[in-house]
Amino acid sequence: MNTTTPHIVRDIMSRDCYRVSPDASITTLAQGLAVHRLPGAPVVDSAGRLVGFISEQDVLGRVLDSIYHDDEAPLVRELMRHEVLSVSPNKSITDLAQEMLGAKPKVYPVIEQQRLVGIVTRRDILIALLTIRRH
């Protein structure tokens, strides 16, 4: 996070964020989410455009089934959500916090010119609000 008081999403977003291809296996996704300690990840095409989102909750049952039945794990494209709540890097942190009161995603892809440029989490927003409050 910047040393100055954050005001917009760009100030607090993670730029080097975990993302996944629609052709990745659910097993690969689950490992990536675990390593990066994320509840979900943006799904991007080869040009870096956001094409979906997939969460731990989306895959938990399918991973369990594939282990139980010794099946091949499905691909991300089979389980990802195509309707994705995303945010602009220029959005006000306080405006996004207000929206988060109604919308429930824990991770928001940050999109600029139709490309994924980062992610912002509820935790990022909470920390930023506490920083704003202190100033």
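See the structure printed just above.
Described below are features of the structure shown in this document. Just so it is clear, the structure is predicted and the values come from calculations on it, not from any experiment.

**Thoughts on the overall build of the protein chain**
- Across its full length, the protein chain carries 5 helices and 4 strands.
- Taken from the N to the C terminus, the helices and strands of the protein chain come in the order α-β-β-α-α-α-β-β-α.
- In terms of its C-alpha atoms, the protein chain occupies a principal-axis envelope of roughly 55 × 30 × 25 Å.
- For the protein chain, with 135 residues in total, the buried portion stands at 39%.
- Sequence separation of 24 or more characterises 58% of the internal contacts of the protein chain that already satisfy a separation of 6 or more.
- Counting only carbon and sulfur atoms, one obtains 50% of the accessible surface of the protein chain, whose full area is about 8300 Å².
- Mean positive and mean negative side-chain charge positions of the protein chain (16 and 16 charges, respectively) differ by 9 Å.

**A closer look at helix H4 (residues 93-100)**
- Listed in full, the buried residues belonging to H4 are Ile93, Leu96, Ala97 and Met100. The buried residues of H4 occupy an angular sector of 105 degrees when projected down its axis, which confines them to one face.
- Contacts made by the buried residues of H4 are with strand S3 (107-112), strand S4 (115-121) and helix H5 (122-134).

**Some details on a negative patch on the surface**
- On the surface, Asp65, Asp70, Asp71 and Glu72 cluster together to form a negatively charged patch.
- With respect to the element layout, Asp70 can be found in the loop between helix H2 (56-68) and helix H3 (76-79).
- Here Asp70 falls in the exposed class, since its relative accessible area comes to 71%.

**Here we look at the pattern of salt bridges**
- Going through the model one piece at a time under the given rule, you end up with 5 salt bridges.
- Across the pair Glu112 and Arg10 runs a salt bridge, and its minimum N-O distance is 2.8 Å. You can see Glu112 sitting in strand S3 and its partner Arg10 sitting in the segment before helix H1 (26-36), a full 102 residues away along the chain.
- Close ionic contact of Lys91 with Glu99 constitutes a salt bridge, the shortest N to O distance being 2.7 Å.
- Taking relative accessible area as the criterion, Lys91 reaches 23% and is therefore assigned partly exposed.
- Take Glu99: its relative accessible area is 40%, and that puts it in the partly exposed class.

Basis of the calculations
Residue numbers restart at each chain and count upward from 1, following the sequence in its written direction. At least 70 in pLDDT is required for a residue's local features to be given in this predicted model, at least 80 for side-chain atom pairs to be given and counted, and no such filter applies to totals for whole chains, interfaces and linings, which use all residues. To obtain the side-chain values, all non-hydrogen atoms of the structure were used and water was disregarded. Only DSSP runs of H or I with at least four residues qualify as helices, and only runs of E with at least two residues qualify as strands; both kinds are numbered from the N terminus onward. Exposed residues in this analysis have more than 50% of their type's maximum accessible area, buried residues have under 20%, and partly exposed residues fall in between, with area computed by a 1.4 Å probe over protein chains only. In what follows, a contact means two residues having at least one pair of non-hydrogen atoms within 4.5 Å. Only the protein chains shown count as cover for residues, and all accessible areas are computed by the Shrake-Rupley method using a 1.4 Å probe. Charged residues are defined narrowly, with Lys and Arg counted positive, Asp and Glu counted negative, and His plus the chain ends left uncounted. Where a charge lies is defined by one atom per residue type, namely NZ (Lys), CZ (Arg), CG (Asp) and CD (Glu). Our arc is simply the arc of the directions from the helix axis toward the C-beta atoms. Patches were defined on residues exceeding 30% relative accessible area and lacking a salt bridge, with like-charge contacts within 9 Å and nonpolar side-chain contacts (Val, Leu, Ile, Met, Phe, Trp, Tyr) within 5 Å. Salt bridges are defined by distance alone: a side-chain nitrogen of Lys or Arg within 4 Å of a carboxyl oxygen of Asp or Glu.

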